[in-house]
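Residue strings, one per chain:
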Amino acid sequence: MNILSLQAGKQWLKHNKHPGVQALCRFIKKIRIAEMPLPRFPCQLLYFLHQTATNGIAFLLRVFYWTPLFKSQLSRYGKSLYLYGGLPYLSGPLQISLGHDCRISAQTTFSGRTSQSTGQTRTPNLFIGNNCDIGWMTTIAVGRQVIIGNNVRIAGRTFLAGYPGHPVNAALRAQGAPDTDDQVRDIVLEDDVWLATGVSVMAGVRIGKGSIIAAGSVVTRDIPAGVLAAGVPAKVVKPLN
């Protein structure tokens, strides 16, 4: 029985006016939403035991498995790394230097540029300072170099695009050619920068110390220190001091 026949059967059950078929349809719906009524206290206890076991297993995996695996791929790392949720995805050649007291979501992608049209062999470098947060579903794509200062906060679904991955020329792009060296730039986030949820930072951008980039913004040019910037493209809204 294929998917089309299953869909046809569902439609037949829904629209058939025969009393027996309608009764069968009602019975199937009741089965679909069936639940077991249980007293509240046993369920609360079961939930507590479930959470305790889940958190305990997650703790052991983090300390004895995920964190050592991740550290093995770093060129330098400091003390008190908190890696939560599993193992970040690492793609391409990339040297990562990590400071002290950093917190990194496992749903993070660290990507290093692999295609270099001039044949240069320099490995892309990612420098992350002390006391930094990198939130879930963030991608940091390093073309040559990305520098993240101390006390930087990067919220979820943020994208640091140090390289585009494809050339501008459509014919070359169709042939699967890599991006060109002139498309690749460094990105610098100075100390105390905060990137809110869903921010994209394009290649060649420097964001000054203490600046905040509002959620959903796309930063295409340098942002000075100590300001709030927002929009597409991001523009300075007001000074923070």
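The residue count restarts for each chain, going from 1 along the sequence in the order it is written. Per-residue local features of the predicted model are confined to residues with pLDDT of at least 70, and side-chain atom pairs are confined, for both listing and counting, to 80 or more; whole-chain, interface and lining totals are unaffected and use all residues. In computing side-chain values, all of the structure's heavy atoms are included and hydrogens and water are not.

> Would you explain the overall build of the protein chain in this entry?
Strands are runs of DSSP state E lasting at least two residues, helices are runs of H or I lasting at least four, and both sets are numbered from the N terminus onward. For the protein chain, the count of helices and strands is 4 helices and 20 strands. The size measure is the radius of gyration over C-alpha atoms, and the globule rule it meets is 2.2 Å times the number of residues to the 0.38 power. Since a compact globule built from 241 residues should have a radius of gyration of about 18 Å, the 25 Å found for the protein chain marks it as more spread out than a globular shape. Seen through its C-alpha atoms, the protein chain measures out along the principal axes to roughly 70 × 55 × 40 Å. The buried label applies to any residue whose accessible area, calculated with a 1.4 Å probe on protein chains only, is under 20% of its type's maximum; exposed applies above 50%, and partly exposed to all values in between. Taking all 241 residues of the protein chain together, the buried fraction comes to 34%. By definition in these notes, contact holds between two residues if any of their heavy atoms fall within 4.5 Å. Sequence separation of 24 or more characterises 31% of the internal contacts of the protein chain that already satisfy a separation of 6 or more. Per-residue and other accessible areas follow the Shrake-Rupley method at a 1.4 Å probe size, with only the shown protein chains counted as cover for residues. Total accessible area on the protein chain stands at roughly 14,600 Å², and carbon and sulfur atoms take up 60% of it. Within the protein chain, one finds 25 positive and 11 negative side-chain charges whose respective centroids are separated by 15 Å. When charges are tallied, Lys and Arg are placed among the positive residues and Asp and Glu among the negative ones, while His and the ends of the chain are skipped. For the purpose of locating charges, the reference atoms are NZ of Lys, CZ of Arg, CG of Asp and CD of Glu.

> What should I look at first to understand the sheet that holds strand E12 (residues 159-161) in this one?
Two modes of strand pairing occur in sheets, parallel and antiparallel, and in both the strands are linked by backbone hydrogen bonds. Two strands pair if DSSP finds at least two bridges between them. Pairing is parallel across the open sheet formed by 6 strands, whose spatial order is E3-E6-E9-E12-E15-E18. Of all the strands in the sheet, just strand E3 (89-91) and strand E18 (218-219) have a single pairing partner and so form its edges. Relative to E12, strand E9 (residues 139-142) runs parallel, the two sharing 3 bridges. When the sheet's bridge partners are listed, alanine 141 is paired in E12 with alanine 161.

> How should a positive patch on the surface be read in this particular structure?
Only residues above 30% relative accessible area that lack a salt bridge enter a patch, with like-charged residues linked at up to 9 Å and the nonpolar side chains Val, Leu, Ile, Met, Phe, Trp and Tyr linked at up to 5 Å. Salt bridges are defined by distance alone: a side-chain nitrogen of Lys or Arg within 4 Å of a carboxyl oxygen of Asp or Glu. Positive charge collects at one region of the surface, where Lys10, Lys14, Lys29 and Arg32 lie side by side. As for its position among the elements, lysine 10 is in helix H1 (residues 3-15). On the accessibility criterion, lysine 10 (46% relative accessible area) is partly exposed.

> What is the right way to look at the pairing of strand E20 (residues 235-239) in this model?
On any regular strand, side chains alternate: one points to one face of the sheet, the next to the other face. A small share of E20 lies buried, amounting to 0 of its 5 residues. Here strand E19 (residues 227-230) runs beside E20; their pairing, made up of 4 bridges, is antiparallel. Among the inter-strand pairings, alanine 230 is bridged to a residue of E20, identified as lysine 235. Where E19 hands over to E20, the hairpin turn is made up of 4 residues, of which glycine 231 adopts a positive phi near 110°.

> I keep staring at the sheet that holds E20 and nothing clicks. Help me out?
Pairing is mixed in the open sheet, where 8 strands are placed in the order E2-E5-E8-E11-E14-E17-E19-E20. The open sheet is flanked by strand E2 (82-84) and E20, the only strands paired with a single partner. Of the pairings in the sheet, the one linking strand E14 (residues 194-195) to strand E17 (residues 212-213) comprises 2 bridges and is parallel in character. Bridged to tryptophan 194 within E17 is isoleucine 212. On the sheet, helix H3 (residues 40-71) packs against E2 and strand E5 (103-105) and is oriented at approximately 105° with respect to E2. Helix axes are fitted to C-alpha atoms over the stretch in contact, other axes to C-alpha atoms as well, and angles between N-to-C directions run from 0 to 180 degrees.

> I would appreciate a short explanation of the environment of leucine 45 in the present structure.
Position of leucine 45 among the secondary structure elements: in helix H3. Using a relative accessible area of 42% as the deciding quantity, one classes leucine 45 as partly exposed.

> Honestly, the pairing of strand E4 (residues 95-98) in this entry has me stumped. Any pointers?
As paired elements, strand E1 (residues 76-77) and E4 share 2 bridges and run parallel to each other. Following the sheet pairing, tyrosine 77 is matched in E4 by leucine 98. Relative to strand E7 (residues 125-128), E4 runs parallel, the two being bridged by 4 bridges. Within E7, the residue paired with leucine 98 across the bridge is isoleucine 128.

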